[in-house]
Amino acid sequence: MKNLTRLGLLACSTAMLLAAPVTAQERPLRLDESAVGEIDPAKGTDYADTVLGVNLYEALVYPKQGGAGVQPWLASDWTIDGLDYTFTIRDGATFASGNPVTAADVVYSFDRLMALGQGPSSLFEGRVAGIEAVDDSTVKITLTEAFAPFLASLVQLSVVDSTLAREHEVDGDHASAWLSETSAGSGAYVIKEHDPQIETVMVPNPNYTGQAMDDLAPDEVTYRYSLEASTVRALMSRGEHDISSLWLPPEVLKAMEADGTVHLAAEPGGTGEYIMLNTQRPPLDDVHCRLALTYAYDYATTLQLLAVTDDMAQGIAMNGATPQGLYGADLDRPMPAQDMEKAKEELAACQYAPDEYELDLAWIAEVPARERLALLMQATFTQLGMNVKVTRTPWALITQQVTEPATAPHAIEIAVSTRTPDTDSLMYNMYSSTVPHTWMSASYLADDEVDGYLEAGRTETDPEKRAEIYRNLNGRLRDLAPAIYAYEFTGVYGIRNGVEVPNLMDDSKRYSISAFSMLFKDMRVTD
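Residues numbered from 1 in each chain as written. Predicted model: local features only at pLDDT ≥ 70, side-chain atom pairs only at ≥ 80, totals over all residues. Heavy atoms only, no water.

Let us look at the pattern of salt bridges. Taken as a whole and judged by the stated rule, the model has 25 salt bridges. Among the ionic pairs, Lys-43 bridges to Asp-40, the shortest N-O distance being 3.7 Å. Assigned by exposure class, Lys-43 and Asp-40 land together as buried. The shortest N-O distance in the salt bridge between Arg-510 and Asp-507 comes to 2.4 Å. Judged by its relative accessible area of 57%, Asp-507 falls in the exposed class. Each of Arg-30, Asp-242, Arg-496 and Asp-527 takes part in salt bridges that share partners, so that together they form one network. (Salt bridge = Lys/Arg side-chain N within 4 Å of Asp/Glu carboxyl O. Buried < 20%, exposed > 50% of the residue type's maximum accessible area, 1.4 Å probe, protein only.)

Encoded structure:
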């Protein structure tokens, strides 16, 4: 009944959007995303959550614009002395409430994140020995041991207004319920209305003191969820929608550009498209069966299906678990190609007969472009004698199913992005056996050698040695085949003419990882 009610609400909201007049704001910005939105920064995990988080909150540091590494954000500067990292809060930093941002707010935000144990908490688990407010503008964080990704990980520590949050705590919930309904940050925008199933409406923060906001930045932002591709195209053609999600089928993006009212912009940034293989369910608990699928996968046709225009596509070839630009990416290794003979050899070595189990292959309902890849896999894997069932599954149901291997599908395509400018935030969440199961770790791999590489990559501070550790990790993952590394995702947005997103149009302004370039304060609504 709940699912039917949710679908009814979404259908109703779509009808209302198509019938509604244009918003009366002077510079409205309307965009959409496939997944529902989580505005509590201590819980967010996916693309939509990150976009919301970076606009509502600030972290001590931010990915560097136009390059690798991090840059000052809420912190004006920092020093490193052994295991001690000391940060100075920038002068005049203020929350939307008007409360000053203090070191005590940073301490509260970190303690709250770790107490909830969700979202980006795994980036810091077991790595911080202590955190203290030295004075109102100085916070010191002491690590348990050398932790190479620490500075990069801090882009995910959003700082919450602790004064307001404490006022809204109920029965020790760390203001969890309240912060899932409203914002309490120092970001450029604040929540006006929020329905995580339908849309989030944001307006500029009147007390914002961060990096300058463009004079033509939107004065109201509506972030819509789970719109059908046809709805997005209809709204765009009427000038009632401004930026599409990244997940539209290529032909829809191409058609919108051909209409003459939309231009396209690409967003690369450390995102892999992984066909997660459930290593805990027969027949995929046998590595030979998994390897058979990796050889049978049709990589070339996949890339053809991703083409939007002659010079723009939604993906490029990927030769391992690590996207380009991250430690461990082995660009000298040949890109994968379909090899049905090797696939049959591996299947012959598998302990299971090809037709002994029905292979449950799910695709995410909110991303219609993935259906064609699911059907491509069905056609290809059937040639190996496998019985393949393709299932259209809503994202909300997928996130429930994948918490346990027994309820998860055998295979599902999931885009996973690095959450920080460091390989650790991608690989550790996907493959460490110590991390609780989420959609990011839906292969359920448990391997001592992999765990060893992951821990070594966290403690080794020499860049060349770290790169070698992650290259070795990549090799081990190729041998174990917990996923088919289908392609490296390159997001393509459809943007209405009259809206400019400089962070996507100029390499010197683009941030190094996906979602972080979507700062509404930098966008321009010119008509």
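A few words on the confidence of the model for the chain. Taken over all residues, the pLDDT of the chain has a mean of 92, while the share at 70 or more is 95%. Counting interchain partners and residues more than four positions distant, the pLDDT-below-50 stretch residues 1-23 has 25 contacts. (pLDDT = per-residue confidence, 0-100. Contact = heavy atoms within 4.5 Å.)

Across all of its chains, the model carries 14 aromatic pairs by this definition. Ring geometry for Trp-247 against Phe-489: centres 4.8 Å apart, planes inclined by 20°, an arrangement best described as stacked. You can see Trp-247 sitting in the loop between α7 (229-237) and α8 (250-258) and its partner Phe-489 sitting in strand β19 (residues 483-489), a full 242 residues away along the chain. When sorted by exposure, Trp-247 lands in the same class as Phe-489, which is buried. Between Trp-395 and Trp-439 the ring centres are 5.5 Å apart and the planes differ by 70°, which places this aromatic pair in the edge-to-face class. Remark: Trp-439 occurs in the loop between α14 (424-431) and α15 (448-459) and Trp-395 occurs in helix α13 (residues 395-401); sequence separation between them is 44 residues. One exposure class covers both Trp-395 and Trp-439, and it is buried. What links up through ring pairs into an aromatic cluster is the set Tyr-62, Trp-73, Tyr-511 and Phe-516. The side chain of Arg-458 reaches across the aromatic face of Tyr-428, ending 3.5 Å from its centre. (Phe/Tyr/Trp six-rings, centres within 6.5 Å; stacked < 30°, edge-to-face > 60°. Helix = DSSP H or I, 4+ residues; strand = E, 2+ residues; numbered from the N terminus. Lys NZ or Arg CZ within 6 Å of the ring centre and 35° of its normal.)

Once that is clear, we can look at the environment of Thr-461. Here Thr-461 is to be found in the loop between α15 and α16 (463-480). When near neighbours in sequence (up to four residues on either side) are disregarded, Thr-461 contacts Ala-146 and Ala-148.

Time to look at empty space enclosed by the protein. Inspection of the entire model under this criterion finds seven cavities of 30 Å³ or more. In this model, the largest cavity occupies a volume close to 390 Å³. If you go around the largest cavity, you meet 32 residues; those closest to its centre are Asp-46, Tyr-47, Trp-247, Ala-415 and Trp-439. Looking at the lining of the largest cavity, the elements that each hand over two or more residues are α2 (47-56) and β18 (411-417). The element that contributes the greatest number of residues to the lining of the largest cavity is β18, accounting for four residues. Among the residues forming the lining of the largest cavity, the class breakdown is 16 nonpolar, 10 polar and six charged. Approximately 170 Å³ is the volume attributed to the second largest cavity. (1 Å grid on protein atoms, 1.4 Å probe; cavity = no way out; pocket = protein on both sides within 12 Å on 5 of 7 lines; lining within 4 Å. Points joined across faces, edges and corners; volume = space filled by probe spheres on them. Nonpolar A, V, L, I, M, F, W, Y, C, P; charged D, E, K, R; others polar.)

Our focus in this paragraph is helix α11 (residues 340-349). Buried within α11 are the following residues: Met-340, Ala-343, Glu-346 and Leu-347. Buried residues of α11, seen end-on, are gathered within an arc of 120° and therefore sit on one face of the element. Exposed and oriented more than 90 degrees from the buried face of α11 are Glu-341, Glu-345 and Ala-348. On its buried face, α11 is in contact with α9 (287-296) and α12 (369-382). Two or three places before Glu-341, at the opening of α11, Asp-339 has a side-chain oxygen 3.3 Å from that residue's backbone nitrogen. (Arc of directions from axis to C-beta. Polar contact = N/O pair within 3.5 Å; in protein donor to acceptor, adjacent residues only side chain to side chain.)

Okay, the layout of surface pockets next. In this structure, the largest pocket encloses a volume near 850 Å³. Sorting elements by how many residues they give to the lining of the largest pocket places α13 first, with four residues. Taken together, the residues of the lining of the largest pocket break down into 10 nonpolar, 17 polar and seven charged.

What follows is about the nonpolar core. Judged by nonpolar contacts, the single largest core of 105 residues is most densely connected at Ile-243, Tyr-274, Phe-381, Met-427 and Tyr-431. With six residues, β19 is the largest single contributor of residues to this core. Beyond its immediate stretch of four places on either side in the chain, Phe-381 contacts Leu-293, Ala-296, Tyr-297, Leu-359, Leu-361, Met-386, Val-388 and Ile-484. By size, the runner-up hydrophobic cluster in this structure holds 39 residues, among which are Trp-73, Ile-89, Val-155 and Val-159. (Core = buried A, V, L, I, M, F, W, Y, C linked by side-chain atoms within 4.5 Å.)

For the rest of this paragraph, the subject is the sheet that holds strand β1 (residues 28-33). Pairing in this open sheet of four strands is mixed, and the strands run β1-β10-β9-β8 from one edge to the other. Sheet topology places β1 and β8 (189-195) at the edges, where each strand pairs with a single neighbour. Shown here is a sheet whose adjacent strand axes are inclined to one another by a mean of 20°, direction ignored. Bridging between strand β9 (residues 199-204) and strand β10 (residues 220-225) involves four bridges; their strand directions are antiparallel. Bridged to Met-202 within β10 is Val-221. (Pairing = 2+ DSSP bridges. Axes fitted to C-alpha atoms, helices over the stretch in contact; angles between N-to-C directions.)

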